[in-house]
Amino acid sequence: MRTMLTVVLFCSFAGAADIKLHSVDPAPPATPGGPITKLYVQFETPVPLTDAQVQCSPGGATLCASVWEVALHDSSGTLSITGVTSAVPGRHLPSRGLVTLTVDPIAPGFSRVDVTFKRGKNPHITLEPTVRPTKTLIKPANTCDDADVCISGSVTPAVGAGPTYNIDSKAKYIFHAFGETGATTIAASADIKTDNRSSADPDSFHWGLPLQYVSTKPYTWQWSIVGMDFDKKGQAMNLVSAPNVTWIGNHIFTKPSTIANVTSVLASVGLDLTAGVEIGDNFRNDYAVVNKNNRGEGGFFRGVPSATAYLIVPDILKLNKVAISSTYTVRILTRDELFLETRNTKDAIPKLMSGTRHYLENKIQFMLTEYIGFQIKHKYGELPPAFKFANHSVSIGLLFAFSQTKVP
């Protein structure tokens, strides 16, 4: 109910976002220095279109001609129209926005190529000859939660003392994409949630090597094959492996455009539900009352369900977008693990406890551009490895975020 009220509130102030193209990139040619035969076109997300509205029907040169236009300007500036033989949307088009165009060969030496999507206000994008063929596409993220790189934090200056800061960031780099559509990827990832206070809460660092598969159906499967959790001073360390599966549900609110058969985006809402486990070994725990030669508490197994809800309103209050998200994660412990009690005490009290650890994170992002904005964040609960309790921590800071797509 609260989400729906928020949608109504924002939509009452927002206009509708028109269909826009974010970028166009050439695919690597079959032979070095050869002609370009594929173009990766990225819509700005969320996209109020279905696969059928952007792709060609089987053998659909006629449909391509009515939906896509690729105009080639040669080295002298002479204009000609390049044929589009197919248009294939990537997986989850409304949220990811990628379409692959197969075109008649474009020889090197052109002055520019203009790609137009002939719907709505006929958005177009230009490919310059200086743009090199690529297999990694950079695009704006819908929220910090689904970004591959999200850097946020704040610095507070003080008179007569050093500044205080907090860092809440994550990064993922995709090494390789498998399969014809690049649906399976392997990457390296890192997450930081900490600050420079001795009572930092939470205090959590993580790195991992995730293998991910994005289905054509509304789910993704991911397995962080190996990784580590540790705190700022390295007093608690875990080796961890974490498989999970996520169901993705979303809906785009639209309104009819002034142009026939075209809609514009008012807002997008979504709910991601994840079921997963964490299997690992606590090999260091310096907080233990009896330190067993710097040894930890041994193996552990946790159930880790989580849910993320989000609302995105584009083109509102002269901002690129406003995004609201909330993530709730539960770790169900099957044995005693470290817990640092920080409530009603000056110094953290280490305990060994089983039970359930909860973590809630709420964010409001005000994006000034596609990549830069500022964020208000609220945190409550505990994160591994020390499960130091964050008691309603609120921060305001700058934000830089983007996502990447690895193409075959």
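Scroll up for the structure.
Conventions and cut-offs
The residue numbering used here restarts from 1 in each chain and proceeds along that chain's sequence as written. Thresholds applied to this predicted model are a pLDDT of at least 70 for local features of residues and 80 or more for the giving and counting of side-chain atom pairs; totals over whole chains, interfaces and linings are not thresholded and use all residues. Side-chain calculation: all heavy atoms of the structure are included, whereas hydrogens and water are not. The helix count covers DSSP runs of H or I at least four residues long, the strand count covers runs of E at least two residues long, and both are numbered beginning at the N terminus. By the criterion applied in these results, polar contacts are pairs of N or O atoms within 3.5 Å in which, for protein atoms, one can donate a hydrogen and the other can accept it, and in which residues neighboring in sequence qualify only through two side-chain atoms. Among the buried residues, those of types Ala, Val, Leu, Ile, Met, Phe, Trp, Tyr and Cys that are joined through side-chain atoms within 4.5 Å form a nonpolar core. Burial classes follow relative accessibility: with a 1.4 Å probe on protein chains only, a residue under 20% of its type's maximum area counts as buried, one over 50% as exposed, and anything between as partly exposed. The contact rule is simple, with two residues in contact once any of their heavy atoms fall within 4.5 Å. We call two strands paired when DSSP finds no fewer than two bridges between them. Angular values range over 0 to 180 degrees, each being the angle between N-to-C directions of two axes fitted as lines to C-alpha atoms, with helices fitted over their stretch in contact. Between Lys or Arg on one side and Asp or Glu on the other, a salt bridge is scored when a side-chain nitrogen of the former is within 4 Å of a carboxyl oxygen of the latter. A pair of cysteine sulfur atoms is labelled a disulfide when the two atoms are within 2.5 Å.

Q: Which parts of the structure should I look at to understand the environment of Gln 53?
A: Within the secondary structure, Gln 53 sits in helix α2 (residues 51–54). When the C-alpha positions of Gln 53 and Pro 89 are compared, they lie 9.6 Å apart, and in sequence the two are 36 residues distant. Of note is the side chain of Gln 53, whose polar atom sits 2.8 Å from the backbone nitrogen of Thr 50.

Q: Please explain the nonpolar core as it appears in this structure.
A: Side chains of nonpolar character tend, in soluble globular proteins, to be buried together. Counting residues in each nonpolar core, the largest one holds 29 residues, and the members touching the most others are Leu 39, Phe 43, Trp 68, Leu 101, Val 115 and Phe 117. Ignoring sequence-local partners within four residues, the contact set of Phe 117 consists of Ile 19, Leu 21, Phe 43, Leu 49, Gln 53, Val 54, Val 67, Trp 68, Asn 122 and Pro 123.

Q: I keep staring at the sheet that holds strand β6 (residues 98–106) and nothing clicks. Help me out?
A: In sheet architecture, strand pairing relies on hydrogen bonds along the backbone and comes in two forms, parallel and antiparallel. If you trace the 4 strands from one edge of the open sheet to the other, you get β1-β2-β6-β5, paired in antiparallel fashion. The two strands at the open ends of the sheet, each matched to only one other strand, are β1 (21–26) and β5 (84–89). Taken pair by pair, the neighbouring strands of this sheet meet at an average axis angle of 20 degrees, ignoring direction.

Q: Which parts of the structure should I look at to understand the pattern of salt bridges?
A: Working definition: two side chains of opposite charge can pair if their charged atoms are close together. Summed over all chains, the structure comprises 14 salt bridges. Two residues, Lys 121 and Asp 18, come together in a salt bridge whose shortest N-O distance is 3.1 Å. With Lys 121 in the loop between β7 (112–117) and β8 (124–127) and Asp 18 in the loop between α1 (2–13) and β1, this pair connects stretches of sequence that are 103 residues apart. One salt bridge in this structure joins Lys 172 and Asp 148, with 3.5 Å as the shortest N-O distance. With Lys 172 in strand β11 (residues 161–178) and Asp 148 in the loop between β9 (136–139) and β10 (149–158), this pair connects stretches of sequence that are 24 residues apart. Pair check on accessibility: Lys 172 and Asp 148 agree, each one buried.

Q: Just checking my understanding: could you explain the state of the cysteines for this structure?
A: Every disulfide links exactly two cysteines, by a covalent bond between their sulfur atoms. According to the stated counting rule, one finds 2 disulfides in the structure shown. Sulfur-sulfur distance for the disulfide between Cys 56 and Cys 64 comes to 1.7 Å. An S-S torsion of about 75 degrees defines the bridge between Cys 56 and Cys 64 as right-handed. With respect to class, Cys 56 is no different from Cys 64; both count as buried. Each sulfur of the disulfide joining Cys 144 and Cys 150 lies 1.6 Å from the other. As the torsion about the S-S bond is roughly -105 degrees, the Cys 144-Cys 150 disulfide counts as left-handed.

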